[in-house]
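Architecture and fold: a report
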Amino acid sequence: MHPDLYLAGIKTQVRLGEWVSWYQLHDMCYHLQRWISVFNVVSVICNHWSPPHRDPKCQPEAFDIMTTAGIYHPVIMDFINLRIKFLYDSGSMLASSCRLVRYHMHVEEGNWIVTAWYMQDSIHNFVGTPRTEYAKYGNVKYSDPVEKSACV
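Below you will find a few notes about this structure. Each chain carries its own residue numbering, running from 1 in the written order of its sequence. Local features in a predicted model are, by the rule used here, given only for residues with pLDDT of at least 70; side-chain atom pairs are given and counted only at 80 or more, and totals for whole chains, interfaces and linings are based on all residues. The basis for the side-chain values is all heavy atoms of the structure; hydrogens and waters are excluded.

Topic: the side chain of Thr-132
Where we set the bar: For the purposes of this entry, the term helix denotes a DSSP run of H or I that reaches at least four residues, the term strand denotes a run of E that reaches at least two, and both are numbered from the N terminus. By definition in these notes, contact holds between two residues if any of their heavy atoms fall within 4.5 Å.
Among the secondary structure elements, Thr-132 is positioned in the loop between helix 3 (121–127) and helix 4 (145–149). Beyond its immediate stretch of four places on either side in the chain, Thr-132 contacts His-2, Asp-4, Leu-5, Ala-8 and Glu-61.

Here's what the structure looks like:
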């Protein structure tokens with residue numbers, strides 16, 4: 001979805017690993033070796049209502065990946081400032097710019113959990129990882145299935 005952001009996440013993890021090795025922070029080293037994501041923060045949200053908000057500690061160029069789990073009636077994820085609403089059933093995954101998109105959701109009844117994976121600016125700044133550019137639609141590579149199947 002954003003190859004430069006992925007590489008920035010990898011560089012940040014490597015630089016954090018070098019830093020903890022230098023300062024012999026064994027507990028942190030242990031946990032970094034088991035961290036399986038290029039995102040450096042995960043939030044677990046267990047509630048029935050999320051007030052309208054943005055995530056100001058994220059890089060505006062970065063994505064926030066939100067995944068739902070649980071048993072509940074259909075929910076609407078409202079990206080308020082974009083005027084877009086999504087059906088947000090259990091098992092759904094949405095990605096948005098964490099700092100730029102304002103969103104909220106409300107679960108009437110049931111058991112609900114959301115994991116939100118994102119990159120925090122302060123961690124990238126701490127280890128000196130440069131910011132990436134915004135993802136651009138023009139950079140997405142795709143092939144035209146009609147063109148490939150055309151008869152000659």
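Looking at the sheet that holds strand 7 (residues 103–106)
Where we set the bar: Paired strands, in this sense, are two strands between which DSSP finds at least two bridges. Only the contacting stretch of a helix is used when fitting its axis, a line to C-alpha atoms as for every element, and angles between N-to-C directions run 0 to 180 degrees.
Read across the open sheet, the four strands follow the order 2-7-4-5; overall the sheet is antiparallel. Every interior strand has two partners, whereas the edge strands, strand 2 (49–53) and strand 5 (84–87), have only one. When the angles between neighbouring strand axes are averaged without regard to direction, this sheet yields 20°. Strand direction decides the pairing type here: strand 4 (residues 76–79) and strand 5, joined by four bridges, are antiparallel. If you follow Met-77 over to strand 5, its bridge partner there is Phe-86.

Quick word on the packing of aromatic side chains
Cut-off, in case you're wondering: Only centres within 6.5 Å qualify two rings of Phe, Tyr or Trp (six-membered ring in Trp) as a pair; their planes then separate them into stacked at under 30 degrees, edge-to-face at over 60, and tilted for everything else.
Within the structure shown, the criterion is met by five aromatic pairs. Geometrically, the ring pair formed by Trp-19 and Tyr-23 is tilted, given 5.3 Å between the ring centres and 50° between the ring planes. For the pair Trp-19 and Phe-126, a centre-to-centre distance of 4.9 Å together with 85° between the ring planes defines the contact as edge-to-face. Of the two residues, Trp-19 sits in helix 1 (residues 3–22) while Phe-126 sits in helix 3, which places them 107 residues apart along the sequence. Clustering of aromatic rings is evident, with ring pairs tying together Trp-19, Tyr-23 and Phe-126.

Some details on the sheet that holds strand 1 (residues 41–45)
Spatially, the four strands line up as an open sheet ordered 1-8-3-6, and their pairing is antiparallel. Two strands close off the open sheet at either side, each with one partner strand: strand 1 and strand 6 (93–97). Across the sheet, the mean angle from the axis of one strand to that of its neighbour is 20°, orientation sign disregarded. Across eight bridges, the pairing between strand 3 (residues 63–72) and strand 8 (residues 110–118) is antiparallel. Counted as the bridge partner of Tyr-72 is Gly-110 from strand 8.

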